[in-house]
Amino acid sequence: MSDQEKADIRLEFSRLKQEHADFDAAINAMIATNCDPLQIQRMKKKKLALKDRLMKLEDKIIPDIIA
């Protein structure tokens, strides 16, 4: 993997990590204001999908080390 590809992955990782934090804040605000539970559930599902994407990117950045 080239240095440019690694830099692109790290940039995408950072962007998604910030988006994940934004979803977390939005969900907490929705819960505090007694928003529609269905909307909260949808937001949580999107947040979980972001977390899955973050894990995949992290696996690309940090290679498996076989001891």
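This structure is a prediction, so every number in the text was calculated from the model and none was measured.

A. Layout of the nonpolar core. Ile9, Phe13, Leu16, Phe23, Ile27, Met30, Ile40, Met43, Leu50, Leu54 and Leu57 together form the largest nonpolar core, which totals eleven residues. Mapped by element, the contributors of at least two residues to this core are α1 (3-32) and α2 (37-61). The leading source of residues in this core is α1, at six residues. Filtering out sequence-adjacent residues up to four positions away, leucine 54 remains in contact with Phe13, Leu16, Lys17 and His20.

B. Region of the structure containing unusual backbone geometry. The phi angle at asparagine 34 is positive, at roughly 55 degrees, despite the residue not being glycine. Here asparagine 34 shows up in the loop between α1 and α2.

Conventions used here
- Residues numbered from 1 in each chain as written.
- Predicted model: local features only at pLDDT ≥ 70, side-chain atom pairs only at ≥ 80, totals over all residues.
- Heavy atoms only, no water.
- Core = buried A, V, L, I, M, F, W, Y, C linked by side-chain atoms within 4.5 Å.
- Buried < 20%, exposed > 50% of the residue type's maximum accessible area, 1.4 Å probe, protein only.
- Helix = DSSP H or I, 4+ residues; strand = E, 2+ residues; numbered from the N terminus.
- Contact = heavy atoms within 4.5 Å.

All quantities given are derived from atomic positions and should not be read as evidence of function.
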